[in-house]
Amino acid sequence: TNGAEIVAVAVATAVGLPLPLRPLQILFLNLVTDVFPALALGVGKGHSHVMERPPRAPSESLLTRGHWFAIAGWSVLVAGCVLGALSAAVVRLQMDTTTAVTVSFLTLAFAKLWFVLNLRERGTRWWDNEVVRNGWVWGATALCIVLLLAAVYAPGLSTLLKTQPPSLDGWLWLLGMSLVPAVVG
């Protein structure tokens, strides 16, 4: 999802869209939506059979070619959703730049949160896996949602991050676009 930040900013710059994220918004996302879900995943229980797997070869890269393709694919997909939400906010909903950027900021933020649900063991069901059963993940997600709402609605923080509350249509667009990567996953 951090790759999506880079792709979204680069593409927006290249095509003349407003920047989908401001520098402090990127830092805020990296502190909030990366840290708490990662900590929650770290304290969760894994599968009991994980230690039965043979170790990988010492010469094998930690990130395989398949992993790099997945990272690139997810980065492009999430960035496309962020830019789609930004474009819809500007063109379809005719929002001012600050509100449109808030829509893209929140689209990325929620896409990062929902992405955690895709980090389950391969072959498990999306509704029954070690991530969904991890109460810490749900607590971290709730905390992140509260902090994201504060980023938009708390007077001091919203001024610092240059956010503006989106309309109901803006919220529907951003939540819908943020769910696309989770559904694809």
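Use the structure listed above.
Structural notes, computed from the coordinates.

The rules behind these values
- Residues numbered from 1 in each chain as written.
- Predicted model: local features only at pLDDT ≥ 70, side-chain atom pairs only at ≥ 80, totals over all residues.
- Heavy atoms only, no water.
- Helix = DSSP H or I, 4+ residues; strand = E, 2+ residues; numbered from the N terminus.
- Buried < 20%, exposed > 50% of the residue type's maximum accessible area, 1.4 Å probe, protein only.
- Polar contact = N/O pair within 3.5 Å; in protein donor to acceptor, adjacent residues only side chain to side chain.
- Contact = heavy atoms within 4.5 Å.
- Core = buried A, V, L, I, M, F, W, Y, C linked by side-chain atoms within 4.5 Å.
- Disulfide = S-S within 2.5 Å.
- Phe/Tyr/Trp six-rings, centres within 6.5 Å; stacked < 30°, edge-to-face > 60°.
- Expected span 1.5 Å × (residues − 1).

A few words now on the side chain of Lys-112. Assignment of secondary structure puts Lys-112 in helix H5 (residues 97-115). Taking relative accessible area as the criterion, Lys-112 reaches 3% and is therefore assigned buried. Side-chain polar atoms of Lys-112 contact the side chain of Thr-1, separated by 3.2 Å. If near-sequence neighbours (up to four positions away) are discounted, Lys-112 is found in contact with Thr-1, Asn-2, Glu-5, Leu-29, Asn-30, Thr-33 and Asp-34.

Among the nonpolar cores identified, the biggest contains 34 residues, and Phe-28, Leu-29, Phe-105, Leu-106, Leu-108, Phe-110 and Leu-148 are the most heavily contacted of them. For this core, the element with the most residues is H5, which contributes ten residues. When near neighbours in sequence (up to four residues on either side) are disregarded, Leu-106 contacts Leu-148, Val-152, Pro-166, Trp-171 and Leu-174.

We now examine the state of the cysteines. Counted according to the given criterion, the structure contains zero disulfides. With no disulfide of its own, Cys-81 lies 19 Å from the sulfur of Cys-144, the closest cysteine sulfur.

The full count for this structure, using the stated rule, is four aromatic pairs. Where Trp-74 meets Phe-115, the ring centres are 5.4 Å apart and the plane angle is 75°; that geometry is what we call edge-to-face. Of this pair, Trp-74 sits in helix H4 (residues 65-92) while Phe-115 sits in helix H5; the two residues are 41 residues apart in sequence, bridging distant segments of the chain. A relative accessible area of 23% means that Trp-74 is categorised as partly exposed. Taking the relative accessible area as the measure of exposure, Phe-115 reaches 19% and is therefore buried. Here a set of aromatic residues connected by ring pairs shows up, and it is made of Phe-110, Trp-114 and Trp-171.

What follows covers helix H8 (residues 168-184). For H8, with 17 residues, the first-to-last C-alpha span of 25 Å sits near the 24 Å given by 1.5 Å per residue. Of the residues making up H8, those classed as buried are Gly-170, Trp-171, Leu-174, Met-177, Ser-178 and Pro-181. On its buried face, H8 sits against H4, H5 and helix H6 (135-153).

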